[in-house]
Amino acid sequence: MKVTDLVVAASIVALALLLSYAMFLGGIGPVPVRSELRTLALNYILLTYNPAKIIYSALAPEGVTAIVWDYRGLDTYFETAVMFLAIISVVALTHGCKVRIGLGKGGMSLIVKTTTRILMPLIVLAGVSITMHGWLTPGGGFQGGATIAVATVLALVTYSIDTLAKHGIRKKILLAMRSTGLIGIALTAVALLIIGLAVGVNAYIFQNQERMGSPLAFPAYFSGTPTGGSLLFYNLFEAFAVSAGLSLAIIVTSLREEEVKETLRGEGVE
Amino acid sequence: MLWETVCSVAGLILVAIGAFCDIAAAIGINRFPNFFVRLHAATVGAIGGAVVPAFGAGLIALGSPELGNYRFFVAGVSFTTGLMIMILGQAGAHALARATLKAKAAPLEPCVHNALRRREEVRGE
């Protein structure tokens with residue numbers, strides 16, 4: 001072991017100890033110590049699933065999903081839109097680039113390919129499960145969609161981008177799926193508003209259950225199991241959008257040099 | 001209940017085997033001479049040190065009546081996780097070893113047996 005290694009290790013330990021000591025002395029400001037929940041947190045916990053106070057409740061046992069898609073749904077919608085814009089930017093950068101089949105050597109060995117073939121359905125199943133339990137247990141549309149996108153990544157690494165293209169997993173289709181998911185979320189957000197306008201009662205954007213002055217609500221139970229009302233639809237569409245979006249981003253960033261060089265030089269542009 | 005005790009004891013034995021495999025793998029990773037043999041030690045840690053205790057945890061959950069019906073959830077997740085690591089561990093190790101050998105990224109000495117080179121010789125590559 002070199003002396004420099006020892007010095008680096010000692011410096012890291014000294015930094016950690018000094019920072020801890022500074023924090024202990026209150027060097028980064030007072031650390032709030034609370035023995036009870038704040039009123040806001042307590043309200044969310046008490047009202048997230050509360051059939052006795054429906055006008056304040058999301059009727060979903062999973063608090064995080066209820067907050068993310070009901071209490072602050074508009075915020076989440078714009079977060080999803082920002083991610084969509086990021087993916088659109090990546091696609092725009094490689095506009096005109098196409099997968100040229102036959103460039104690669106056909107992926108990894110038979111052992112890895114067989115393992116991937118066994119695992120891919122399991123990964124998709126796990127993603128669907130995380131999505132479909134999103135309003136009951138921790139998880140949700142984003143987590144489920146990201147899990148499903150792992151199957152695409154695995155197929156891309158193991159089989160090569162050619163195989164994905166041969167099986168119809170192309171940029172245009174994924175972009176259409178991503179857009180469908182986002183439109184689905186937007187339609188769910190205004191669904192009760194449209195119904196309210198049609199039948200002549202009050203309704204709100206991102207309304208889930210009955211609210212003050214509005215009797216409209218998404219069905220909160222399916223054969224006795226809570227569905228979270230609109231949370232079910234948000235999770236499904238979000239999983240759809242995220243799985244397609246992340247798969248698209250991975251495919252676009254995995255394009256090979258030969259496939260992007262011509263377009264980036266401008267030779268492919270008329 | 002007898003079967004619950006049997007499950008718990010069998011589970012604890014599997015966890016103990018897992019702990020031994022993990023220690024053996026850790027010593028192997030530190031002491032073995034080159035990348036390929038160290039990879040062998042790593043798979044001992046992945047299969048013996050992760051899959052076996054995961055199955056053990058599932059059995060312990062089945063033998064824990066105080067968990068109620070949740071013990072079946074815990075056991076199911078443990079067995080599924082164990083199974084997935086068992087499928088993934090060997091494929092990952094194989095992919096790493098093959099890629100390293102092809103790219104000549106790690107020294108191959110000391111080498112007792114090289115099945116891939118032998119196959120290439122038979123094929124005349």
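To be clear, the structure that these remarks concern was listed above.
Residue positions are given per chain, counting from 1 as you read along its sequence in written order. Chain letters and ligand numbers both follow the written order, the letters beginning at A and the numbers at 1. Thresholds applied to this predicted model are a pLDDT of at least 70 for local features of residues and 80 or more for the giving and counting of side-chain atom pairs; totals over whole chains, interfaces and linings are not thresholded and use all residues. Side-chain metrics in this entry use all non-hydrogen atoms of the structure; hydrogen atoms and water are not considered.

Focus on the nonpolar core
Residues and elements named next belong to chain A. Using the following cut-off: We define the nonpolar core as a collection of buried residues of types Ala, Val, Leu, Ile, Met, Phe, Trp, Tyr and Cys that are connected through side-chain atoms lying within 4.5 Å of one another. Only protein chains enter the accessibility calculation, which uses a 1.4 Å probe; a residue whose area is less than 20% of its type maximum is buried, one above 50% is exposed, and one in between is partly exposed. Numbering goes from the N terminus for both helices and strands, where a helix is a DSSP run of H or I of at least four residues and a strand is a run of E of at least two.
Of all hydrophobic cores here, the largest spans 17 residues; its most connected members are Ile87, Val91, Leu164, Leu174, Leu248, Ile251 and Leu255. Looking at this core, the elements that each hand over two or more residues are α4 (73-93), α6 (141-159), α7 (161-166) and α9 (230-253). Per element, the largest residue contribution to this core is 5 residues, and it comes from α9. By size, the runner-up hydrophobic cluster in this structure holds 14 residues, among which are Ala58, Leu182, Leu231 and Leu232.

Points about the interface of chain A and chain B
When the parts of a complex come together, some accessible area is lost, and that lost area is often taken as the interface size. As a reminder of what qualifies: Throughout, a contact is declared for two residues whenever any of their heavy atoms are within 4.5 Å. For any pair of parts, buried area is found by adding up, for both, the accessible area (1.4 Å probe) each one loses once the two are put together. For this analysis, a salt bridge means a side-chain nitrogen from Lys or Arg found within 4 Å of a carboxyl oxygen belonging to Asp or Glu. A 3.5 Å cut-off defines polar contacts: any pair of N or O atoms within that distance qualifies, except that in protein one atom must be a possible hydrogen donor and the other a possible acceptor, and neighbouring residues in sequence count only when both atoms are side-chain atoms. As a working rule, the residues Ala, Val, Leu, Ile, Met, Phe, Trp, Tyr, Cys and Pro are called nonpolar, Asp, Glu, Lys and Arg charged, and the rest polar, with Gly in that last group.
In this assembly, 8 residues from chain A lie in contact with 8 residues from chain B. Interface area for chain A against chain B, summed over the two sides, is near 690 Å², with a carbon-plus-sulfur share of 84%. The largest share of the area that chain A buries against chain B comes from Ile111, Thr115 and Leu119 of chain A, three residues that together contribute 51% of it. Viewed at the interface, chain B and chain A are joined by 0 salt bridges. Where chain A meets chain B, there are 1 residue pair in polar contact (both at pLDDT 80 or more). Tallied by class, residues from the side of chain A that touches chain B come to 6 nonpolar, 2 polar and no charged.

Re the pattern of salt bridges
Residues and elements named next belong to chain B. For the structure on display, the rule yields 7 salt bridges over all chains. Arg71 serves as the salt-bridge partner of Glu4, at 3.3 Å between the closest nitrogen and oxygen. Of this pair, Glu4 sits in helix α1 (residues 2-31) while Arg71 sits in helix α3 (residues 70-103), and the two are 67 residues apart along the sequence. Grouping residues by exposure puts Glu4 and Arg71 together as buried.

Thoughts on the packing of α1 of chain B against helix α2 (residues 35-62) of chain B
Residue and element names in this part refer to chain B. Our working rule: Only the stretch in contact is used when fitting a helix axis, every axis being a line fitted to C-alpha atoms; angles between N-to-C directions are given from 0 to 180 degrees. For classification, angles of less than 35 degrees are called roughly parallel, those exceeding 145 degrees roughly antiparallel, those between 65 and 115 degrees roughly perpendicular, and all remaining angles oblique. For any pair of crossing helices, the crossing counts as left-handed if the nearer helix is rotated counterclockwise from the farther one by less than a right angle, and right-handed if it is rotated clockwise.
Taken N-terminus to C-terminus, the directions of α1 and α2 make an angle of 165 degrees; their axes are 7 Å apart at the nearest point. Classed by the angle they form, the pair α1 and α2 counts as roughly antiparallel. α1 and α2 meet at a crossing whose hand is left-handed. Considered class by class, the residues forming the contact of α1 with α2 number 20 nonpolar, 8 polar and 3 charged.

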